[in-house]
Number of protein chains: 2
Amino acid sequence: MAPWRSPLARALHLNRSLPYARYLQLATVRLDGRPANRTVVFRGFLDRSDRLKFVSDTRSEKFAQIEAQPWAEACWYFPKTREQFRITGTLKAIASDDPDPELQQVRTSSWRELSDSARLQFAWAHPGKPRAADDTFNPPAPSAEVPLPHFCLLLLEPMQVDRLELRGDPQNRTMYTWLEGDRTWSTQAVNP
Amino acid sequence: MAPWRSPLARALHLNRSLPYARYLQLATVRLDGRPANRTVVFRGFLDRSDRLKFVSDTRSEKFAQIEAQPWAEACWYFPKTREQFRITGTLKAIASDDPDPELQQVRTSSWRELSDSARLQFAWAHPGKPRAADDTFNPPAPSAEVPLPHFCLLLLEPMQVDRLELRGDPQNRTMYTWLEGDRTWSTQAVNP
């Protein structure tokens with residue numbers, strides 16, 4: 001496991017009373033080269049990996065953005081422990097046509113783990129388009145077993161993690177960098 | 001005032017018991033075209049304008065990023081009211097050499113409004129460099145009146161604001177867009 005996993009697990013544990021401590025902000029780059037930024041929910045790690053799971057709708061803008069520019073940066077602030085993790089890496093979207101059977105299975109499990117109301121949102125009208133009639137937001141409940149076609153799984157593969165602890169005096173900041181050549185992580189204390 | 005100012009003021013008021021409701025995540029684009037994302041503190045609006053104020057250090061990476069690509073997107077999540085504002089616009093950095101006397105005055109006021117400990121950070125060793133000796137983090141307290149040279153003010157000029165209310169059933173989402181030709185804002189309900 002990567003060396004930043006243990007401080008991140010600790011932050012998740014110490015902030016567990018706040019449901020929104022599992023929300024983080026995910027920045028991508030738009031097709032016109034401008035940044036985009038939105039709140040997403042952390043859905044755990046992919047088994048036996050350091051890849052973070054999120055879910056998304058293939059009709060959302062970020063789906064097209066990722067295809068053109070897979071690099072992303074997640075900014076995750078934990079209010080109780082006053083620490084920030086900036087996680088830089090590449091995003092991969094697993095949509096309904098992904099040919100990898102193992103990843104398709106993870107996509108299906110992620111669908112099953114959603115709440116009924118979260119699943120229902122994937123049956124709503126096209127996100128971001130002019131507001132549709134109210135009854136389009138009351139579709140029949142989709143199957144809890146088989147994901148709707150628009151549902152996709154997002155995997156963020158971290159390449160660098162910048163951890164800042166605001167509570168220290170002076171503050172502590174640690175930079176974890178994936179060294180592709182050595183297939184290992186370096187850990188470096190840096191100035192806050 | 002822009003039409004999104006009133007719902008934003010309401011969110012700030014209803015979340016005022018949480019100090020971190022004034023924290024938001026600011027995404028910019030790195031010189032290599034990858035996104036960057038970090039937490040910043042909202043320092044209010046520039047007088048008689050819709051521009052958001054933040055403070056920064058000219059030695060930080062975002063300072064160089066803004067020069068190359070001024071477009072930014074702030075993502076601001078309010079936990080109590082469960083609403084998100086995505087604020088897209090251009091960033092302008094007001095550093096010590098900015099020739100505009102009015103903006104220099106705002107830069108100085110922003111410095112004066114900081115806490116002692118926040119001001120001290122601008123006298124610390126170069127952010128992001130390998131960790132310096134502990135005593136470099138105990139410099140003499142800087143003047144509370146005259147900003148240190150590295151201190152800069154950031155102004156975000158919004159061009160689009162995307163407001164999402166998670167509490168609605170169905171959720172409400174409103175897109176506010178600045179129309180440069182008409183010098184006015186449009187307001188449009190869109191699908192969440």
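Presented here is an overview of the structure given in this document. Within every chain, residues take consecutive numbers counted from 1 along the sequence as written. The naming scheme follows written order: chains are lettered A onward, ligands numbered 1 onward. Confidence filtering applies because this is a predicted model: local features only for residues at pLDDT of at least 70, side-chain atom pairs given and counted only at 80 or more, and all residues used for totals across whole chains, interfaces and linings. Excluding hydrogens and water, the side-chain values take into account all heavy atoms of the structure.

The salt bridge definition used is simple: a Lys or Arg side-chain nitrogen within 4 Å of an Asp or Glu carboxyl oxygen. All told, the structure shown has 25 salt bridges over all chains when counted by the stated rule. Its salt-bridge partner being A:Arg34, residue A:Asp32 comes within 3.7 Å of it at the nearest N-O pair. Throughout this description, buried means an accessible area under 20% of the type-specific maximum (1.4 Å probe, protein chains only), exposed means over 50%, and partly exposed covers the range between. A:Asp32 gets classed as partly exposed once you look at its relative accessible area, which sits at 49%. Put simply, A:Arg30, A:Glu61, B:Glu73 and B:Arg86 are held in one network by salt bridges that share partners.

Residues and elements named next belong to chain A. The buried count for strand 3 (residues 52-57) comes to 6 of 6 residues, which makes it a mostly enclosed element. Runs of H or I in DSSP of at least four residues are treated as helices and runs of E of at least two as strands, each being numbered from the N terminus. The side-chain alternation of strand 3 yields two buried faces, one formed by Leu52, Phe54 and Ser56 and the other by Lys53, Val55 and Asp57. In this sheet, strand 6 (residues 151-165) lies alongside strand 3 in antiparallel orientation, the contact comprising 6 bridges. Its bridge partner being in strand 6, Lys53 is matched across the sheet by Leu155. In short, DSSP must find at least two bridges between two strands for them to pair.

The next subject is the environment of A:Phe137. Considering the arrangement of structural elements, one finds A:Phe137 in the loop between helix 4 (116-120) and strand 6. Every residue pair with non-hydrogen atoms within 4.5 Å of one another is taken to be in contact. The contact partners of A:Phe137, leaving out residues within four places of it in the chain, are A:Trp124, A:Ala125, A:Arg131, A:Ala132, B:Pro170, B:Asn191 and B:Pro192.

Turning our eyes to something else, we now look at the relation of the copies chain A and chain B. Once chain A is rotated about the relating axis by 180° and shifted along it by 0.0 Å, it coincides with chain B to within an RMSD of 0.0 Å. In symmetry terms, the pair is related by a two-fold rotation axis. We superpose the copies by least squares over the C-alpha atoms of residues that have a pLDDT of at least 70 in both of them.

The analysis is restricted to geometry; functional conclusions fall outside its scope.
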